[in-house]
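# Remarks on the overall topology
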Amino acid sequence: MERVTVHASTVAFDLPVGPRALVLSGRSGRGKSALALELLAIGARLVSDDQTVLHAESGQLIATAPPAIAGLIEWRGVGLLPVAYLEQAPVVAWVDMDSSAQDRLPAPRCHYVLGVRLPCLHLPGHGAVAAGLRQYMLGQAWMAQNERAT
């Protein structure tokens with residue numbers, strides 16, 4: 001099974017279909033761990049911080065933590081904090097923290113990893129980023145549930 005390790009933090013929200021993950025990718029110092037901590041504070045669960053191992057399984061991207069850092073998250077200026085974590089979670093969106101959203105209502109973007117196509121989000125430079133990501137995940141689950149009902 002092909003695996004790739006990316007410079008990213010990954011968090012998952014518990015949705016009606018089970019946990020679904022967001023990959024927060026970006027260069028060092030872009031705020032991946034800080035955003036992950038904010039998301040944990042509003043209900044997300046950690047999959048991995050700073051480095052995420054990805055593999056494709058049945059057309060879905062699965063995220064895990066490298067064993068050496070499983071259950072740890074960095075709080076810059078303080079150190080590593082232990083945290084309960086998920087061993088793995090299917091990824092449903094990619095967040096590119098190296099690019100910022102320029103348009104108020106941008107056209108959909110996508111990102112490919114190991115042949116799996118994912119929606120790609122560029123974040124606004126300010127505002128309720130963590131709350132927006134949480135609502136994005138809840139909204140995706142709501143739309144998927146309504147599609148199944150029709």
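For the structure, check the block above.
Here is a short report on the structure shown in this document.

Cut-offs and rules
Residues numbered from 1 in each chain as written. Predicted model: local features only at pLDDT ≥ 70, side-chain atom pairs only at ≥ 80, totals over all residues. Heavy atoms only, no water. Helix = DSSP H or I, 4+ residues; strand = E, 2+ residues; numbered from the N terminus. Buried < 20%, exposed > 50% of the residue type's maximum accessible area, 1.4 Å probe, protein only. Contact = heavy atoms within 4.5 Å. Core = buried A, V, L, I, M, F, W, Y, C linked by side-chain atoms within 4.5 Å. 1 Å grid on protein atoms, 1.4 Å probe; cavity = no way out; pocket = protein on both sides within 12 Å on 5 of 7 lines; lining within 4 Å. Points joined across faces, edges and corners; volume = space filled by probe spheres on them. Polar contact = N/O pair within 3.5 Å; in protein donor to acceptor, adjacent residues only side chain to side chain. Salt bridge = Lys/Arg side-chain N within 4 Å of Asp/Glu carboxyl O. Pairing = 2+ DSSP bridges.

With respect to the element layout, Pro 19 can be found in strand β2 (residues 18-25). Its relative accessible area of 24% is what places Pro 19 among the partly exposed residues. As a C-alpha pair, Pro 19 and Arg 45 span 26 residues in sequence and 8.7 Å in three-dimensional space. Sequence-distant contacts of Pro 19, that is, excluding residues within four places in its chain, are made with Ala 12, Phe 13, Asp 14, Leu 86 and Pro 90.

Grouped together as the largest cluster of nonpolar side chains are 21 residues, with contacts concentrated most on Val 11, Leu 22, Leu 24, Leu 35, Leu 39, Val 95 and Leu 133. The residues contacting Leu 39, other than those within four sequence positions of it, are Val 11, Phe 13, Leu 24, Ala 44, Ala 130 and Leu 133. The next biggest cluster of nonpolar side chains, apart from the first, holds 17 residues, and it includes Ala 8, Ala 12, Val 91 and Val 116.

Turning to the layout of surface pockets, a few remarks are in order. Taken as a whole, the largest pocket encloses approximately 230 Å³ of empty space. If you go around the largest pocket, the residues you meet are Ser 28, Gly 29, Arg 30, Gly 31, Lys 32, Ser 33, Ala 34, Leu 37, Asp 50, Glu 74, Trp 75 and Arg 76. Among the secondary structure elements, those contributing two or more residues to the lining of the largest pocket are α1 (32-41) and β6 (72-75). At 4 residues, α1 tops the list of elements feeding residues into the lining of the largest pocket.

Bringing the environment of Tyr 112 into the picture now. Checked against the element boundaries, Tyr 112 lands in strand β9 (residues 110-113). Of the residues examined, Tyr 112 reaches a relative accessible area of 51% and is grouped as exposed. The sequence separation of Tyr 112 and Leu 61 amounts to 51 residues, and the corresponding C-alpha distance is 9.9 Å. At 3.4 Å, the side chain of Tyr 112 forms a polar contact with the side chain of Arg 117.

Bringing the pattern of salt bridges into the picture now. Considering all chains together, one arrives at 3 salt bridges under this definition. In this structure, the salt-bridge partner of Asp 14 is Arg 45, at a minimum N-O distance of 3.4 Å. Separated by 31 residues along the polypeptide, Asp 14 in strand β1 (residues 3-15) and Arg 45 in strand β3 (residues 45-48) bring together distant segments of the chain. Residue Asp 14 is classed as partly exposed on the basis of its relative accessible area of 46%. One salt bridge in this structure joins Arg 30 and Asp 98, with 3.5 Å as the shortest N-O distance. With Arg 30 in the loop between β2 and α1 and Asp 98 in strand β8 (residues 89-100), this pair connects stretches of sequence that are 68 residues apart. Taken together, the salt bridges that share partners define one network made up of Arg 27, Arg 30 and Asp 98.

Most of strand β10 (residues 116-123) is tucked away: 6 of the 8 residues are buried. Across 4 bridges, β9 lies against β10 in antiparallel orientation. Within β10, the residue paired with Cys 110 across the bridge is Pro 119. The hairpin turn running from β9 into β10, its antiparallel successor, is 2 residues long, and Leu 114 in that turn takes a positive phi close to 50°.

The analysis is restricted to geometry; functional conclusions fall outside its scope.
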